[in-house]
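Secondary and tertiary structure notes
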Amino acid sequence: MVDWQSETELQADSFAFNNLMHTLLGLYVWEFFTSLDFDWQFFSGKKKCRWPLIFYFAGRYSLLIALIGIAVALNIKTEVDCQALYTFIQLFGNAAIGLASINLSLRTMAVWSQNRYIVGFLIIVILVHWSFLLHGMLLKASWIDNACVITSTNNHILAISFIYSMVFDLAVLSLTAWKLAFPASGRSKLVTLVFKDGLIYFVIAFLSNMLATIFMLLNLNAVMSIIANVPAAIASTIVACRVVRRLSNFTFQGPEQFSNTGGSTLAFRGNATPTSARHISLKSGDNIHIRMSDALASPSEPSVMEYDSGGRIVKSNEFDHEAQINCEFKRPPY
């Protein structure tokens, strides 16, 4: 029988924790830099940054800061205030967890067309979630044997936080899946993409949070209680950020029919070749069919024209590449 509280076991667990954190830092840095081109499009002004992306950038960079803080805590050789350092790490780490859930919550609000009951419910859930995440300092650390060592953790609050995160993810997925599985008017490619990404997000986030909760409830020792917290935060943040990037970069490929019930901000484009014909159907009481080809286009006009859901031509310099779901499936404007 393993004595989890013995000095030998604590040293072994600390060594495993150290190696795991360095591995996860490398994983997240790889993910961060391979997707940095998306961030640069907004920082350089090539794309307009809208307010929902604030949560995307905040969560993405908060986790990077937290992981750098962990690396410093594990490798520093000069005595520092370990308690302050781990407070800093916890603040940004918990913020990343909360922001990952907010990113999916915004998608759910949009799918429900900003329904005030859904929005109000999710705002309350988010506030309660953050009250747990920012409850206070949940672990203590001290400088022991030339290293910052975690001496104790508040497992009860930590377990409640992760259990709540699991329930939060379940509620968000259920609301999103219900609306997307039973749409009032057909399902577009973009809606299918949201539906699939939501399922993937939920599975990964749920399992990672469940693993972290199990270790905290087992309460083997101060190190093992929190060893799965960082993997849970990284998994949630990576997948949530990928959802945002995929939907922001989404463009419709080829012809597709959309149902317009009025007042939509839908904009779309396809990848047409010079000889390809475009057939677009918009339903608003009566069907309106628009067909174009190079044979009908004049040399001075572009061979591919873009229309919004109201049938108005969208000028090339005004076109927003970030396709919007129709009024039945609105999403935050990013």
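Shown above is the structure to which this text applies.
Only a predicted model underlies this, so the values are computations on that prediction, with no experimental measurement involved. (Residues numbered from 1 in each chain as written. Predicted model: local features only at pLDDT ≥ 70, side-chain atom pairs only at ≥ 80, totals over all residues. Heavy atoms only, no water.)

Scanning all chains against the criterion turns up 13 aromatic pairs. Here F38 and F42 contribute two aromatic rings whose centre-to-centre distance is 5.1 Å and whose plane-to-plane angle is 65 degrees, an arrangement assigned as edge-to-face. Of this pair, F38 and F42 both sit in helix α2 (residues 36-43), 4 residues apart, which is roughly one turn of the helix. Assessed through its relative accessible area of 3%, F38 is described here as buried. With relative accessibility at 7%, the residue F42 sits in the buried group. Ring geometry for F88 and F92: centres 4.8 Å apart, planes at 55 degrees, overall tilted. Placement of both F88 and F92 in helix α4 (residues 82-111) is noted, with a separation of 4 residues, approximately one turn of the helix. With a relative accessible area of 37%, F88 lands in the partly exposed category. (Phe/Tyr/Trp six-rings, centres within 6.5 Å; stacked < 30°, edge-to-face > 60°. Helix = DSSP H or I, 4+ residues; strand = E, 2+ residues; numbered from the N terminus. Buried < 20%, exposed > 50% of the residue type's maximum accessible area, 1.4 Å probe, protein only.)

Bringing the nonpolar core into the picture now. In this structure, Y28, L67, Y86 and I234 are the most contacted members of the largest nonpolar core, which totals 44 residues. Of all the elements in the fold, those that place two or more residues in this core are α1 (7-34), α3 (53-75), α4, β1 (139-143), β2 (148-153), α6 (155-181), α7 (189-218) and α8 (229-248). The element contributing the most residues to this core is α3, with 7 residues. The next biggest cluster of nonpolar side chains, apart from the first, holds 22 residues, and it includes I102, I118, V125 and Y164. (Core = buried A, V, L, I, M, F, W, Y, C linked by side-chain atoms within 4.5 Å.)

Here we come to the packing of α3 against α4. Axes are the key here: two packed helices are described by the angle between their axes and the distance separating the axes. Here α3 crosses α4 at 155 degrees, and the two axes come no closer than 8 Å. With respect to their mutual orientation, α3 and α4 come out roughly antiparallel. Relative to α4, the crossing made by α3 is left-handed. Across the interface between the two elements, F55, Y56, A58, G59, S62, L63, I65, A66, G69, I70, A73 and L74 of α3 pack against L85, Y86, F88, I89, F92, G93, A95, A96, L99, I102, N103 and L106 of α4. (Axes fitted to C-alpha atoms, helices over the stretch in contact; angles between N-to-C directions. Parallel < 35°, antiparallel > 145°, perpendicular 65-115°, else oblique. Left-handed = near helix turned anticlockwise from the far one by under 90°. Contact = heavy atoms within 4.5 Å.)

We now examine the state of the cysteines. Here, disulfide denotes a covalent bond that connects the sulfur atoms of two cysteines. On inspection of all chains with the given rule, the structure shows 1 disulfide. Across the disulfide from C82 sits C148; the S-S distance is 2.1 Å. Because the sign of the S-S torsion sets the handedness, a value of about -85 degrees for the bond joining C82 and C148 places this disulfide among the left-handed ones. Of this pair, C82 sits in helix α4 while C148 sits in strand β2, and the two are 66 residues apart along the sequence. Take C82: its relative accessible area is 2%, and that puts it in the buried class. (Disulfide = S-S within 2.5 Å.)

Let us now look at the environment of A235. Structurally, A235 is set in helix α8. Not counting residues within four places of it along the chain, the set of residues in contact with A235 comprises I204 and S208.

Summarising the element assignment, L133 is placed in helix α5 (residues 116-133). Sequence separation between L133 and L91 is 42 residues; the distance between their C-alpha atoms is 8.4 Å. If we skip the residues at most four places from it in the chain, L133 touches N94, I97, G98 and S161.

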